[in-house]
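If you want the building blocks of each chain, they are given just below.
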Amino acid sequence: MPLDQPASARRAPTFHAHPEADARQLLGALLPRRAATARHVQQAHARLAVLGLATARVLPHLLAALPRLPPLHDGASSSSYPLSLFRRSNSSSAFASNHLLRVLPHPLPLRLFPGPRRRNPHSFTFLLSSLSTHLDADRAGGPASSSSLGSHVHALAVKAGAAADLYVRNALTHFYGVCGDVGAMRRVFDELPRVRDVVTWNAVLAGYVRAGMARVAREMFDEMPVRDEVSWSTVVGGYVKEGELDVALAVFRDMVEKGVRVNEAAVVTALSAAAQLGLLEHGRFVHQVVHQEGMPISVNVGAAMVDMYAKCGCVAVAREVFDGMPRRDVFAWNAMICGLAAHGLGQDAVELFELFLGEGLSPTNITFVGVLNACSRFGLVAEGRQYFELMAEKYSVEPEMEHYGCMVDLLGRAGLVQEAIELIEGMPIAPDPVLWGTVLSACKKHGLVDLGVKVGSKLIELEPAHDGHYVLLASIYAKAKKWDEVREVRKLMSSRGTSKSAGWSLMEAQGNVHKFLVGDMDHKDSIRIYNMLDMINRRLADAGYVPDVSSVLHDIGDEEKVHAVKVHSERLAIAYGFIVTEVGNPIRIVKNLQVCGDCHEFSKMVTKVFNREIIVRDGSRFHHMKEGKCSCLDYW
């Protein structure tokens, strides 16, 4: 209709429907195809009312279209609309009462359950589902209290003759699993072996995974007569939860090879495992599966992919994925900001944070961890102070231990150690030993021996079993060449049964993960590795490289110290990288501990002499080394 017509001639489109039309067809025309919100349902209700079609026969279908309402925070206001629909509809029908139970927030379904005169097995299913979904919001009495509620509903179902219904049994199995009552869950599962389907088995798998029993879940998985994508993704998630990340990735790969269509949960979990291990080839495999399956890059998948690429050393690819996401939530922004910070791209992280604020989004505590960490890595002291103050003042995010940790690290790296101590002493919450450990690291970095001894002694009293405190204190003494004190610290460490954590380095090559320890001789290619390392050392010596042995905590000759640093795990990994990595491709290494100063210099020299790129993810950050320079700018 032309827009230049008078207003009286322009009419809103009219919905024409026969009065006898089926209620579902009417709602199908009025509601969006995807999940409707409460607002959509109310708008559809208003339209039906205008058309004179909001009859008692239609209202239960409006109730069925409502999404589950969030937990109550403002009395009964959020539940008033569904209750009104129920009372004005044919409320004697089980259809209406069941959907009322489904949409109401806990604990209203439990209170209203005895009221409706008409019930069927689905009534118990909806009630148990409500209990399971809102368990965390009503868990003040602990798991035992929650389980007793389920037992009460279970007893009612038995009394009503509904306990043998497959859907009720599935809901019971799921509920007991959510409660952590694996005994009751297993009893329900075992009672009627013929009343099971794949959903029943999946509920048991999930229950064992929640209880931290991944191996039992795997045994159940192996016994399953039929498995679906939920079964596989649950087992993958179980291994990730238990920290068996390599096993989780192997299960995911097996899932793909067996032709099972992966779901979003499996993809996100596998990406998380690859990210935690820092194994790029595994992460790329998951990304390739997503592409081959034609799976859309949802908010969750995109955020997990950004996180994976950032933690696997490909921050540029992470940014490409981030920029290409059709929709981004705060988790995706957090992953990108934290990723840039970990790679030492402090200015980029700060600029992205400002863009985040410009989008009108609200930062979370993780967002501030990312931006404060970025300031710390790049030495942006003024900006770090500013963001730390804005947290509570402007965004109502109260600083937590991690935020104080970032600030102490920022100040300590910048040499403002006394200000860092004042910040710790002025905290409204009790500081944890990690903060004092950060101060101790700063004392070592800036050669503050007396202060370092004082802080180190205090830390050893607080955490006598923590090996890192002894090692840092010994390092401070060693740097000052106080070898008697170094021996005393080592003797104290030994008398308390504490030993230094073994450093290791991981490297991916041709689909396999290779692990190296200091002085490792167990690798199948050890002879080739050490021959390669000798060649590298000769070339570096010719180029003027002289080892820095200050990190060796033994009062031994310089020649022995040189030999000690020459067999550090990352050097063995680099030598192996020369053997198995094509020229032009970076050598990627993951370390469990912070890289030592001499290995850092060694790696930089390797990139200069051999024109190779090395990327190291150590215990705190990434080091991108190329042409004799490192992305950290030696500020680490």
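Residues numbered from 1 in each chain as written. Predicted model: local features only at pLDDT ≥ 70, side-chain atom pairs only at ≥ 80, totals over all residues. Heavy atoms only, no water.

The chain is annotated in an unreviewed UniProt entry as DYW domain-containing protein from Triticum aestivum.

Turning next to the overall build of the chain. Helices and strands together make up the secondary structure of the chain, namely 32 helices and six strands. Classification of the 636 residues of the chain by burial places 48% in the buried group. Contacts in the chain between residues far apart in sequence, at least 24 positions, make up 63% of those at least 6 positions apart. Of the roughly 31000 Å² that the chain leaves accessible, carbon and sulfur atoms contribute 52%. (Helix = DSSP H or I, 4+ residues; strand = E, 2+ residues; numbered from the N terminus. Buried < 20%, exposed > 50% of the residue type's maximum accessible area, 1.4 Å probe, protein only. Contact = heavy atoms within 4.5 Å. Areas by Shrake-Rupley, 256 points an atom, 1.4 Å probe, with all protein chains shown as cover.)

Turning to the packing of helix α19 (residues 330-342) against helix α20 (residues 346-358), a few remarks are in order. One can describe the packing of α19 onto α20 by two numbers: an axis separation of 8 Å at closest approach and a directional angle of 160°. Relative to α20, α19 is oriented roughly antiparallel. Where α19 crosses over α20, the handedness of that crossing is left-handed. Residues Val 330, Trp 333, Met 336, Ile 337, Leu 340 and Ala 341 of α19 touch α20, and the partners they reach there are Asp 348, Ala 349, Leu 352, Phe 353, Leu 355 and Phe 356. Of the residues contributing to the contact of α19 with α20, the split by class is eleven nonpolar, no polar and one charged. (Axes fitted to C-alpha atoms, helices over the stretch in contact; angles between N-to-C directions. Parallel < 35°, antiparallel > 145°, perpendicular 65-115°, else oblique. Left-handed = near helix turned anticlockwise from the far one by under 90°. Nonpolar A, V, L, I, M, F, W, Y, C, P; charged D, E, K, R; others polar.)

Next up on the list: the side chain of Asn 373. With respect to the helices and strands, Asn 373 occurs in helix α21 (residues 365-378). With a relative accessible area of 17%, Asn 373 lands in the buried category.

Now for the UniProt feature "repeat: PPR" (unreviewed entry) in the chain. As annotated by UniProt and renumbered to match this structure, "repeat: PPR" (unreviewed entry) occupies residues 197-227, 228-262 and 329-363. When the span residues 329-363 is considered, its composition is 74% helix and 0% strand, and the gap between its end C-alpha atoms is 11 Å. (UniProt positions renumbered as here; feature names shortened; annotations may be inferred.)

It is worth spelling out the sheet that holds strand β3 (residues 587-591) at this point. Strand order across the open sheet formed by six strands is β2-β1-β3-β4-β5-β6, with mixed pairing between neighbours. A single partner strand is all that each edge strand has here, and the edge strands are β2 (512-517) and β6 (629-630). For strand β4 (residues 614-617) and strand β5 (residues 622-626), the ladder comprises four bridges, and the chain directions are antiparallel. Opposite Ile 614, over in β5, you have Met 625 as the bridge partner. Along the sheet, helix α16 (residues 280-293) contacts β1 (504-509), β2 and β3; its crossing angle with β1, the most-contacted strand, is approximately 45°. (Pairing = 2+ DSSP bridges.)

This paragraph deals with the environment of Met 185. For Met 185, the location among the structural elements is in helix α10 (residues 182-191). Relative accessible area serves as the criterion here: at 0%, Met 185 is assigned to the buried category. Placed 23 residues apart in sequence, Met 185 and Tyr 208 show a C-alpha to C-alpha distance of 9.3 Å. Once residues lying within four places of it in the same chain are set aside, the contact partners of Met 185 are Thr 173, Tyr 176, Gly 177, Ala 203, Val 204, Gly 207 and Tyr 208.

As a further point, take the nonpolar core. Counting residues in each nonpolar core, the largest one holds 118 residues, and the members touching the most others are Phe 252, Val 267, Val 306, Tyr 309, Met 336, Leu 372 and Val 439. Two domains each put at least three residues into this core: domain 1 (356-431) and domain 2 (436-501). If you look at the next biggest cluster of nonpolar residues, it comprises 27 residues, including Ile 529, Ala 575, Tyr 576 and Val 616. (Core = buried A, V, L, I, M, F, W, Y, C linked by side-chain atoms within 4.5 Å. Domains from an automatic or database assignment.)

Despite not being glycine, Asn 611 shows a phi value in the positive range, around 55°. Its place among the elements puts Asn 611 in the loop between α32 (597-610) and β4. If you check the backbone angles, Glu 627 has positive phi at about 55° while not being a glycine. Structurally, Glu 627 is set in the loop between β5 and β6. Taking relative accessible area as the criterion, Glu 627 reaches 58% and is therefore assigned exposed.

Across all of its chains, the model carries 14 aromatic pairs by this definition. On the numbers, 6.0 Å between centres and 65° between planes, the contact of Tyr 545 with Phe 602 is edge-to-face. In this pair, Tyr 545 sits in the loop between α29 (526-542) and α30 (558-566) while Phe 602 sits in helix α32, placing the two residues 57 residues apart along the sequence. Each residue in the set Phe 322, Trp 333, Phe 353, Phe 356, Phe 368, Tyr 387 and Tyr 395 is aromatic and connected to the rest through ring pairs, giving one cluster. Taking the ring centre of Phe 285 as reference, the NZ or CZ of Arg 253 above it sits at 3.9 Å. Of note, Arg 571 hangs over the ring of Phe 602, and the distance from its end group to the ring centre comes to 4.3 Å. (Phe/Tyr/Trp six-rings, centres within 6.5 Å; stacked < 30°, edge-to-face > 60°. Lys NZ or Arg CZ within 6 Å of the ring centre and 35° of its normal.)

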